[in-house]
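Spelled out, the chains give:
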Amino acid sequence: MDGDGARLAASAKWCDRKDFVFLTFCVEDSRETDIKFENDKMIFSCKGPDKTSYRNEVILYEKIVPQESKHNRTDRKIQCFMKKLKGGMAWPRLTKDKSKVKWLALDFENWKDWEEDSDNDGENFDQFSDIMNKMGGGGDDLGGPDMDGLDDDPGTDSDDEKIPDLE
């Protein structure tokens, strides 16, 4: 227990890309956000508006490159963008441990079958890094852009076809 409230795991969603892993912590109005990227794990902590302390320690499925991993904080969430050490390999889960993690879910909204995707994730990472640097640097507590559509190509969206009316 923390001195001013309970310490809980924050709920989160994740998705896999060819060279990166996205992890979004769903904490609105977070304060005192601290994120540490290490070779084989990431540690997240923050305080919520109700003085609840959140802490998640994730032992990752594979290694990442901490120096090339970033995070972005908004009023509604904290997004982590982790560069895989071994790119081009799918992660079947976020954690090394095979057991189900209660606070973690798949981010179906941003999930993409990267084996069929073009090889532009590196460009997207560079694009994200440039945006972060222009806004004040690598992974500080920023209220920057939403990464939801970072690697969506508007010309190849399979959701554009018309859905037939129900009878």
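Residues numbered from 1 in each chain as written. Predicted model: local features only at pLDDT ≥ 70, side-chain atom pairs only at ≥ 80, totals over all residues. Heavy atoms only, no water.

## Comments concerning the overall build of the chain
Keep this limit in mind: The numbering of helices and of strands both runs from the N terminus, where a helix is a DSSP run of H or I of at least 4 residues and a strand a run of E of at least 2. Using a 1.4 Å probe on the protein chains alone, a residue whose accessible area is under 20% of its type maximum counts as buried, one over 50% counts as exposed, and one in between counts as partly exposed. Contact between two residues is taken to exist if any of their heavy atoms lie within 4.5 Å; hydrogens are not considered. Areas reported as accessible are Shrake-Rupley estimates using a 1.4 Å probe. Residue values count occlusion only from the protein chains shown.
When you go through the chain residue by residue, the secondary structure sums to 1 helix and 9 strands. Mapped from its N terminus to its C terminus, the chain presents α and β elements in the order β-β-β-β-β-β-β-β-β-α. For the chain, with 167 residues in total, the buried portion stands at 44%. Considering only contacts within the chain whose residues lie at least 6 apart along the sequence, 63% involve residues at least 24 apart. Total accessible area computed for the chain in this model is approximately 9,900 Å², and 47% of it derives from carbon and sulfur atoms.

## As for the nonpolar core
Basically, it comes down to this: What we call a nonpolar core is a set of buried Ala, Val, Leu, Ile, Met, Phe, Trp, Tyr and Cys residues that are connected through their side-chain atoms within 4.5 Å.
Ranked by internal contacts, the top residues of the largest apolar core, which has 24 residues, are Leu23, Phe25, Met42, Phe44, Met82, Trp91 and Leu94. Looking at this core, the elements that each hand over two or more residues are β2 (12–16), β3 (20–25), β4 (31–37), β5 (41–47), β6 (53–59) and β8 (78–83). Setting aside residues up to four positions removed in sequence, Leu23 forms contacts with Ala12, Lys13, Trp14, Met42, Ile78, Gln79, Cys80, Met82, Leu94 and Leu104.

## Some words on the environment of Glu57
Note the following rule: Polar contacts, as used here, are pairs of N or O atoms within 3.5 Å; protein pairs need one atom able to donate a hydrogen and one able to accept it. Residues neighboring in sequence count only if both atoms are side-chain atoms.
Among the secondary structure elements, Glu57 is positioned in strand β6. For the pair Glu57 and Ile43, spaced 14 residues apart in sequence, the C-alpha separation works out to 4.5 Å. When near neighbours in sequence (up to four residues on either side) are disregarded, Glu57 contacts Lys41, Met42 and Ile43. Separated by 3.2 Å, the side chains of Glu57 and Lys41 make a polar contact. At 3.3 Å, the side chain of Glu57 and the side chain of Arg55 are in polar contact.

## Comments concerning the sheet that holds strand β7 (residues 70–73)
Put simply, the rule is: Here a strand pair is declared whenever DSSP counts at least two bridges between the two strands. Angles shown run from 0 to 180 degrees and are taken between the N-to-C directions of axes, each axis being a line fitted to C-alpha atoms and, for helices, limited to the stretch in contact.
Strand order in the open sheet formed by 5 strands is β7-β8-β3-β2-β9, and the pairing between neighbours is mixed. Of all the strands in the sheet, just β7 and β9 (104–106) have a single pairing partner and so form its edges. Across this sheet, the average inter-strand angle for adjacent strands is 20°, counted without regard to direction. Relative to β9, β2 is paired through 3 bridges, and the arrangement is parallel. The partner of Trp14 across the bridge, within β9, is Leu106.

## Observations regarding the sheet that holds strand β1 (residues 7–8)
Strands pair in a sheet through their backbones, by hydrogen bonds, and they do so in one of two ways: parallel or antiparallel. A sheet is described by the order of its strands in space; here 4 strands give the open sequence β1-β6-β5-β4, paired in mixed fashion. Each having just a single partner strand, β1 and β4 make up the two edges of the open sheet. Summarising the sheet, β5 and β6 pair through 7 bridges and their orientation is antiparallel. Considered in β6, the bridge of Met42 is made with Val58.

## Examining the confidence of the model for the chain
Heads up, the condition is: The score called pLDDT rates the predictor's confidence residue by residue, from a low of 0 to a high of 100.
Mean pLDDT for the chain: 78, with 63% of residues reaching 70 or above. A low-confidence stretch, residues 135–146 stays under pLDDT 50, and its non-local contacts, those more than four residues away or across chains, total 29 contacts.

## Structural notes on unusual backbone geometry
Its identity as a non-glycine residue notwithstanding, Asp29 has a phi of 50°, on the positive side. Position of Asp29 relative to the elements: it lies in the loop between β3 and β4.

## Some points on a nonpolar patch on the surface
This is how it is decided: Here, patches come from residues exposed beyond 30% relative accessible area and free of salt bridges, joined within 9 Å for like charges and within 5 Å for nonpolar side chains (Val, Leu, Ile, Met, Phe, Trp, Tyr). The rule for a salt bridge is simple: a side-chain nitrogen of Lys or Arg has to be within 4 Å of a carboxyl oxygen of Asp or Glu.
A contiguous nonpolar surface patch, about 320 Å² in accessible area, is contributed by Leu106, Phe108 and Trp111. Assessed through its relative accessible area of 35%, Trp111 is described here as partly exposed.

## So, the packing of aromatic side chains
The geometry of an aromatic ring pair comes down to the distance between the two centres and the angle between the two planes. Note the cut-off: Pairing of aromatic rings covers Phe, Tyr and the six-membered ring of Trp, with a centre-to-centre limit of 6.5 Å; geometry is then stacked below 30 degrees between planes, edge-to-face above 60, and tilted otherwise.
With the rule as written, the count across this model stands at 5 aromatic pairs. Seen from their ring centres, Phe25 and Trp103 are 6.4 Å apart, and the 25° between their planes marks the pair as stacked. Remark: Trp103 occurs in the loop between β8 and β9 and Phe25 occurs in strand β3; sequence separation between them is 78 residues. This pair shows no difference in class: Phe25 is buried, exactly as Trp103 is. Measuring from ring centre to ring centre gives 6.1 Å for Tyr61 and Trp91, while their planes differ by 50°; the resulting arrangement is tilted. Taken together, the residues span a long stretch of sequence, with Tyr61 in the loop between β6 and β7 and Trp91 in the loop between β8 and β9 at a distance of 30 residues.

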